[in-house]
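# Examination of the molecular architecture
Here's the letter readout for the chains.
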2 protein chains.
Amino acid sequence: MQLCRTVAQVRALRPRFERLGFVPTMGSLHDGHLGLIRRAKATCGAVAVSVFVNPIQFAPGEDLERYPRDLERDLELAQGAGADFVFAPEPSELYPAGFSSRVDVGLTHGAENAARPGHFSGVATVVAKLFNIVQPTVAVFGQKDAEQCAVIRRLAADLDLPVKIDIAPTAREPDGLAMSSRNSYLSPVERAAAAAVSRALGAAQARFHSGERDPDVLRIAVAAVLGAEPLAQTQYVAFADPDSLAPLSTPARRMLLSLAVRFGRTRLIDNVLLDAGGI
Amino acid sequence: MQLCRTVAQVRALRPRFERLGFVPTMGSLHDGHLGLIRRAKATCGAVAVSVFVNPIQFAPGEDLERYPRDLERDLELAQGAGADFVFAPEPSELYPAGFSSRVDVGLTHGAENAARPGHFSGVATVVAKLFNIVQPTVAVFGQKDAEQCAVIRRLAADLDLPVKIDIAPTAREPDGLAMSSRNSYLSPVERAAAAAVSRALGAAQARFHSGERDPDVLRIAVAAVLGAEPLAQTQYVAFADPDSLAPLSTPARRMLLSLAVRFGRTRLIDNVLLDAGGI
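Let me sum up the structure you'll find in this document. (Residues numbered from 1 in each chain as written. Chains lettered and ligands numbered in written order. Predicted model: local features only at pLDDT ≥ 70, side-chain atom pairs only at ≥ 80, totals over all residues.)

This part is about the overall build of chain A. Scanning chain A for helices and strands turns up 10 helices and 10 strands. Its C-alpha radius of gyration of 19 Å places chain A within 12% of the 19 Å reference for a compact globule of 279 residues. By its C-alpha atoms, chain A is 55 × 45 × 40 Å across when sized along the principal axes. Within the span of chain A, comprising 279 residues, buried residues form 44% of the whole. A sequence separation of at least 24 residues applies to 71% of the contacts in chain A between residues at least 6 apart. (Helix = DSSP H or I, 4+ residues; strand = E, 2+ residues; numbered from the N terminus. Rg over C-alpha atoms; globule rule 2.2 N^0.38 Å. Buried ≥ 20, exposed ≤ 12 C-beta atoms within 10 Å, placed from the backbone. Contact = placed C-beta atoms within 7 Å.)

Set out below in structure tokens:
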């Protein structure tokens, strides 16, 4: 496995692969990432992984500085999962002096977009750059970041990026907690409490599968579970169209239910797609 | 020569060419465009031309509706200049329902950007799309649209687009008028008067080459020529850094001098790079 620190190194390496899968990450790899890497490898026969904590997707006061970084460990894990190369640039490599562009996909309705203004413009900008550098055949993202998935699909479609976007199911711990690099921030007590997030989603999902289609009723089911967990500080419980991210306030057969919940200083997000199938 | 009306047709055709030059146009081709096409062909051995009047780079009240369109003639001229294929999509092909993205390169200082708010975001967005669709080796633009050239260079650098940007000198009529599709709007009397634009640039250039470096003094030389032409309504005379487009108000050895001047309903732009060389 090769390590590339510069755009030029990736451009020199790229022609060696006909089909190339790609998994963009902020490093601090966990089993969720490794599943994405294996999935991309299986699809394309070769896979590149980027490790880059993208400063322009963090707002002032967010966790840019304390975001966990361990490149040595990431390289070992990526290699173990089958990565052919890792692209781990310094911020100055992607944002040299004079850099001034932004890509904005305009999906402004989402709850996560409202909670983190500017975040998805930072995501879309770096992903457009990474796609143009790595030139992947297929790029794999995790459903855990549902709003990000909608943004990336919109980005690829709107800018005619020559890449297929593949969304993989959320990887979860045995107690249901969605895998996330930010889980490492949790104290043992917070970690135990955090299982309430997926339990809350599961409660709504069970009601949905029993025929309940009303977001207001499902919201109560979510609130009941989160309300029973004293450490859970709910930031939002959102029902939205999975593609446009427009909020839904009336019964629907297809809804993205997404949550943001704080445990102490740690903010976790999770979601489930509620889909009754058919038309 | 082939005509492609859809993105899928271009994608199917693209692998036939190893190196491919590209000239994006809004059609209504003139000798300036044909020079760019020949230049791209000479560089790459094959050349694609796009013909697309891009609605998102026109503001309400601008000339989107009356912009001249004649695809039959454009196809003949492009073929004569050596084009291997022309991509002429309908607006709905590039902007289908749900399209919501924008690329903004953030060069907000330019005089043309101030005169046409949102214009360059529309340009950057469509050019990013066209580059991703056509996947050219080299893309050729004319220096006549100097601020656009700076925007495209910034776009390609900032988004790591795998394409070389080649800027060709402005093509001019015998009396110095920069070639432009919008020249066809001019009445015979306006057409004769419009030569004052390049004469004004020439007057400043002569003073610069005589050693004058002060924008305020050069501005007077420009104003003297334009002021002597009763039909010329000057919109701006701007001195700027050629890369950042930041306005210059003190003497400099390298300046982009750009003009926007109205003749009746027709707005013309032109520019000259004043470069004393050295450091």
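Here the focus is the interface of chain B and chain A. Contacts between the two partners involve 22 residues from chain B, matched on the other side by 22 residues from chain A. Of all the elements in the fold, those that place two or more residues in the side of chain B that touches chain A are β5 (102–104), α6 (119–134) and α7 (146–158) of chain B. Among the elements that line the side of chain B that touches chain A, the one with the most residues is α6 of chain B, at 4 residues. As judged from the 3 bridges shared by strand β5 (residues 102–104) of chain A and β5 of chain B, these two strands associate in the antiparallel manner. Looking at the pairing, V103 of chain A lines up with V103 of chain B of β5 of chain B. (Pairing = 2+ DSSP bridges.)

Further remarks concern the packing of helix α9 (residues 195–209) of chain B against helix α10 (residues 215–227) of chain B. Residues and elements named next belong to chain B. Packing of α9 against α10 leaves a shortest axis separation of 8 Å and a crossing angle of 150°. The angle between the axes of α9 and α10 places the two elements in the roughly antiparallel class. Crossing of α9 against α10: the hand is right-handed. Together, A196, R199, A200, A203, A204, R207 and F208 of α9 and L218, A221, V222, V225 and L226 of α10 make up the contact between the two elements. A breakdown of the residues in the contact of α9 with α10 according to their chemical character gives 10 nonpolar, no polar and 2 charged. (Axes fitted to C-alpha atoms, helices over the stretch in contact; angles between N-to-C directions. Parallel < 35°, antiparallel > 145°, perpendicular 65-115°, else oblique. Left-handed = near helix turned anticlockwise from the far one by under 90°. Nonpolar A, V, L, I, M, F, W, Y, C, P; charged D, E, K, R; others polar.)

It is worth spelling out unusual backbone geometry at this point. Residues and elements named next belong to chain A. A positive phi angle is found at S28, which is not glycine, with a value near 50°. Structurally, S28 can be placed in the loop between β2 (21–25) and α2 (31–44). Looking at S28, the number of C-beta atoms within 10 Å reads 21, which means it is buried.

Another point: the relation of the copies chain B and chain A. Superposing chain B onto chain A takes a rotation of 180° plus a shift of 0.0 Å along the axis, which leaves an RMSD of 0.0 Å. The superposition operator between the copies reduces to a two-fold rotation axis. In terms of proximity to the rotation axis, the leading residue of chain B is V103 of chain B, whose C-alpha is 2.2 Å off the axis. Looking at chain B, 100% of its interface residues are interface residues in chain A too, so the copies touch through the same face. (Least-squares fit on C-alpha atoms with pLDDT ≥ 70 in both.)

So, on to the sheet that holds strand β4 (residues 85–87) of chain A. All names here are of chain A. The strand order β1-β4-β3-β2-β6-β7 describes an open sheet built from 6 strands, whose pairing is parallel. Two strands close off the open sheet at either side, each with one partner strand: β1 (2–4) and β7 (164–168). Averaged over all neighbouring strand pairs, the angle between strand axes comes to 25°, with direction disregarded. Bridge count for β2 against strand β6 (residues 138–142) is 2 bridges, and the pairing is parallel. Residue pairing for β6: F22 is matched across the bridge by A139.

Before going further, it helps to spend a moment on the sheet that holds strand β10 (residues 266–275) of chain A. Residues and elements named next belong to chain A. Within the open sheet, the 3 strands sit side by side as β8-β9-β10. Their pairing is antiparallel. Edge strands, defined here as strands with exactly one partner in the open sheet, are β8 (232–240) and β10. Within the sheet, the average angular offset between the axes of one strand and its neighbour, ignoring direction, is 15°. Strand direction decides the pairing type here: strand β9 (residues 254–263) and β10, joined by 10 bridges, are antiparallel. Considered in β10, the bridge of V261 is made with L268. Along the sheet, helix α9 (residues 195–209) contacts β8, β9 and β10; its crossing angle with β10, the most-contacted strand, is approximately 15°. Across the face of the sheet, helix α10 (residues 215–227) comes into contact with β8 and β9 while running at roughly 160° to β8.

A separate point is α6 of chain B. All names here are of chain B. Here α6 is 16 residues long and its end C-alpha atoms lie 22 Å apart, about the 22 Å a rise of 1.5 Å per residue gives. For α6, the buried fraction is high: 14 of the 16 residues fall into the buried class. Q135 occupies a position one or two residues after α6 and carries a positive phi of about 50°. (Expected span 1.5 Å × (residues − 1).)

Remember, this is a structural readout, not a statement about activity or role.
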